[in-house]
Amino acid sequence: MTEHYFKNALSITSTQLANLSFASNSILLFNAKTLELSDFNLPDCLSPFELTIINRRKSPQAKQEYLATRLLLKHLIKVAQPQHAHVALNKMSTEFDEASSKLQIHVSDDVINTCISHSHGLVGVALNFDKSEFGFDIEKVSLKRPFEKLAKHFYHNDEITLITEPTNTQAQADTFFRIWTLKESVAKATSRPIAKLLSPNVFDELHSAKLSACSNRVTVAYSNDSNVCFDVSVVHKKSIDWRCFLLNDFINQFC
């Protein structure tokens, strides 16, 4: 039975970063398109390694997403681990570990697993202190993408049936992108390439790996007065109480 995967049970609360007290199993969401890169002195915010990465990013949005995810991860570290509260931001560094296929943040002598996701400017970050099987994904729900064609090319037949059963285009899109975010989340939780999870039935994969999942949709207001809908899924082994906080502000005094 797959019905419960389509129930929007994941908690997503809008709040201000300044008012957010850290709780474990928290995912921070933020519209990085609202960042003004010129407001930040990047050498104070990012490690030398991170500076080389952001300088390779060509588009302003890619730079905004990179900076926002790194600042939010470092904020979480400072709040969650008081021993690191006074560590300078440029002394923390995020680097991808090839062996574990995880993005890790290095703080003093500590190495902490993280998870990030981004889609069309919306970014999400989380810390995974106990290095459990955990992953989450964000994807913009777009009616313009040929999702039915993509599903028939990549997805499992049972998933295609779920997508094509509704006659309503919006319902088809919602189902397609829910399955997509679940697949991406499983890939991150199990450190497997997404290419190997496209054709298998994601619900069978969740069951065989003994992973739980919860999802929801969130609508974000963009500067052109349009509202953009995103699907968010979380996959986890040890905890069922992950929750999201959509930040409607950003502390420019980070750096």
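All of these numbers come straight from a predicted model, not from anything done at the bench. (Residues numbered from 1 in each chain as written. Predicted model: local features only at pLDDT ≥ 70, side-chain atom pairs only at ≥ 80, totals over all residues. Heavy atoms only, no water.)

In terms of regular secondary structure, the protein chain is built from seven helices and 10 strands. Taken over C-alpha atoms, the radius of gyration comes to 18 Å for the protein chain, in line with the 18 Å a tight globule of 255 residues would show. By principal-axis analysis of the C-alpha atoms, the protein chain measures approximately 55 × 40 × 35 Å. The 255 residues of the protein chain split such that 50% are buried. Nonlocal contacts in the protein chain, meaning residues at least 24 apart in sequence, comprise 66% of its contacts between residues at least 6 apart. (Helix = DSSP H or I, 4+ residues; strand = E, 2+ residues; numbered from the N terminus. Rg over C-alpha atoms; globule rule 2.2 N^0.38 Å. Buried < 20%, exposed > 50% of the residue type's maximum accessible area, 1.4 Å probe, protein only. Contact = heavy atoms within 4.5 Å.)

Moving on to the nonpolar core. Looking at soluble globular proteins, one finds that nonpolar side chains tend to be buried together. The biggest cluster of nonpolar side chains holds 33 residues, and the ones touching the most others in it are Leu28, Phe30, Leu67 and Leu72. Contributing elements (two or more residues each) for this core: strand 2 (26-31), helix 2 (48-56), helix 3 (60-80), strand 4 (102-107), strand 6 (122-128) and strand 10 (243-247). Looking at this core element by element, the count peaks at eight residues for helix 3. Look past the residues within four positions of Leu72 in its chain and what remains in contact with it is Leu17, Leu28, Phe30, Val123, Val125, Leu247 and Phe250. Counting 23 residues, the second-largest nonpolar core is a separate cluster that includes Val141, Ile163, Ala173 and Ala189. (Core = buried A, V, L, I, M, F, W, Y, C linked by side-chain atoms within 4.5 Å.)

So, about the packing of helix 4 (residues 147-154) against helix 5 (residues 157-164). Geometrically, a packed helix pair is captured by the angle between its two axes and the distance between the axes. Two numbers describe how helix 4 lies on helix 5: the axes approach to 8 Å, and their chain directions differ by 165°. With respect to helix 5, the element helix 4 is oriented roughly antiparallel. Along this stretch, helix 4 crosses helix 5, giving a crossing that reads as left-handed. Between helix 4 and helix 5, the residues in contact are Glu148, Ala151 and Lys152 and Ile160, Ile163 and Thr164, respectively. Per-class residue counts for the contact of helix 4 with helix 5 are three nonpolar, one polar and two charged. (Axes fitted to C-alpha atoms, helices over the stretch in contact; angles between N-to-C directions. Parallel < 35°, antiparallel > 145°, perpendicular 65-115°, else oblique. Left-handed = near helix turned anticlockwise from the far one by under 90°. Nonpolar A, V, L, I, M, F, W, Y, C, P; charged D, E, K, R; others polar.)

Further remarks concern the pattern of salt bridges. Applying the stated criterion across every chain, the model contains eight salt bridges. The salt bridge partner of Glu50 is Lys74, with a shortest N-O separation of 2.7 Å. Placement of Glu50 in helix 2 and of Lys74 in helix 3 is noted, with a sequence separation of 24 residues between them. Taken individually, Glu50 and Lys74 each receive the classification buried, so the pair is uniform in this respect. Here Arg178 ties to Asp231 by a salt bridge, and the two come within 2.8 Å at their closest N and O atoms. Here Arg178 is found in helix 6 (residues 169-190), whereas its partner Asp231 is found in strand 9 (residues 227-236), with 53 residues between them in sequence. Both residues of the pair, Arg178 and Asp231, count as buried. (Salt bridge = Lys/Arg side-chain N within 4 Å of Asp/Glu carboxyl O.)

Our next topic: the pairing of strand 6. Most of strand 6 is tucked away, with seven of its seven residues classed as buried. Alternating residues of strand 6 divide into Leu122, Gly124, Ala126 and Asn128 and Val123, Val125 and Leu127, and every residue in both groups is buried. Inspection of the sheet shows strand 2 paired to strand 6 by four bridges, in the antiparallel sense. Residue pairing in the sheet places Asn31 in a bridge with Leu122 of strand 6. (Pairing = 2+ DSSP bridges.)

Moving on: the packing of aromatic side chains. Enumeration according to the criterion identifies seven aromatic pairs in this entry. Between Tyr5 and Phe203 the ring centres are 5.0 Å apart and the planes differ by 40°, which places this aromatic pair in the tilted class. Placement of Tyr5 in the segment before strand 1 (11-15) and of Phe203 in helix 7 (residues 202-208) is noted, with a sequence separation of 198 residues between them. Relative accessible area serves as the criterion here: at 10%, Tyr5 is assigned to the buried category. Each ring, one from Tyr155 and one from Phe176, has its centre 5.1 Å from the other, and the planes form 15°; the classification is stacked. Within this pair, whereas Tyr155 is found in the loop between helix 4 and helix 5, its partner Phe176 is found in helix 6, the two being separated by 21 residues in sequence. For Tyr155, a relative accessible area of 6% gives the class buried. Look at Phe176 and you get buried, because its relative accessible area is 4%. A connected cluster of aromatic rings, assembled from ring pairs, spans Phe147, Tyr155, Phe176 and Phe177. Residue placement shows Lys183 over the ring face of Tyr155; its charged tip is 5.0 Å from the ring centre. Between the NZ or CZ atom of Lys188 and the centre of the ring of Phe136, over which it lies, the distance is 5.8 Å. (Phe/Tyr/Trp six-rings, centres within 6.5 Å; stacked < 30°, edge-to-face > 60°. Lys NZ or Arg CZ within 6 Å of the ring centre and 35° of its normal.)

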